Amino acid sequence: MKVKAKRESTKLAEKAMQRAAIGVLGKAVRDEEAIPIWDGEKVVWKVPKEEFEQVNAAYASSGRDAD
């Protein structure tokens, strides 16, 4: 269950974090560069293609365009 942010500064911080994640993951995918990703149990180094698609889809579904 997603909780709505009460403060505008919290909403702005969330947007900034989403944009930063898309930027970092997108750059790694474009450059075919492995980065450390936490898989829930351990850190794995990989090109984050699936993660980038997931974050980008979530960002787009919230009415924004990452590209």
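The rules behind each value
Residues numbered from 1 in each chain as written. Predicted model: local features only at pLDDT ≥ 70, side-chain atom pairs only at ≥ 80, totals over all residues. Heavy atoms only, no water. Pairing = 2+ DSSP bridges. Helix = DSSP H or I, 4+ residues; strand = E, 2+ residues; numbered from the N terminus. Patch = residues over 30% accessible without salt bridge, like charges linked within 9 Å, V, L, I, M, F, W, Y side chains within 5 Å. Areas by Shrake-Rupley, 256 points an atom, 1.4 Å probe, with all protein chains shown as cover. Salt bridge = Lys/Arg side-chain N within 4 Å of Asp/Glu carboxyl O. Buried < 20%, exposed > 50% of the residue type's maximum accessible area, 1.4 Å probe, protein only. pLDDT = per-residue confidence, 0-100. Core = buried A, V, L, I, M, F, W, Y, C linked by side-chain atoms within 4.5 Å. Contact = heavy atoms within 4.5 Å.

A.B. asks: Tell me about the pairing of strand β2 (residues 43-46), and name the residues and values.
C.D. replies: As paired elements, strand β1 (residues 35-38) and β2 share 4 bridges and run antiparallel to each other. Paired with Ile-35 across the bridge in β2 is Lys-46. What sits between β1 and β2 in their antiparallel hairpin is a turn of 4 residues, with Gly-40 showing a positive phi close to 105°.

A.B. asks: A description of a nonpolar patch on the surface should follow, citing residues and the corresponding values.
C.D. replies: Together, Trp-38, Val-43 and Trp-45 make up a nonpolar patch on the protein surface, roughly 420 Å² of accessible area in all. Within the element layout of this structure, Val-43 appears in strand β2. Given a relative accessible area of 49%, Val-43 falls into the partly exposed group.

A.B. asks: Give me the lowdown on the confidence of the model for the chain, citing residues and values where you can.
C.D. replies: With 84% of its residues at a pLDDT of at least 70, the chain reaches an overall mean of 86. Within the chain, helix α2 (residues 49-61) has the poorest average pLDDT of any element, 90, and β2 the best, 97.

A.B. asks: With reference to specific residues and values, describe the nonpolar core.
C.D. replies: Core analysis: the largest hydrophobic core is formed by 8 residues, namely Ile-22, Leu-25, Ala-28, Val-29, Ile-35, Ile-37, Phe-52 and Tyr-59. Those elements that place two or more of their residues in this core are α1 (8-30), β1 and α2. Broken down by element, the residue count for this core peaks at 4 residues, all from α1. Apart from residues no more than four positions distant in its own chain, Leu-25 is found in contact with Ile-35, Ile-37, Pro-48, Glu-51, Phe-52 and Val-55.

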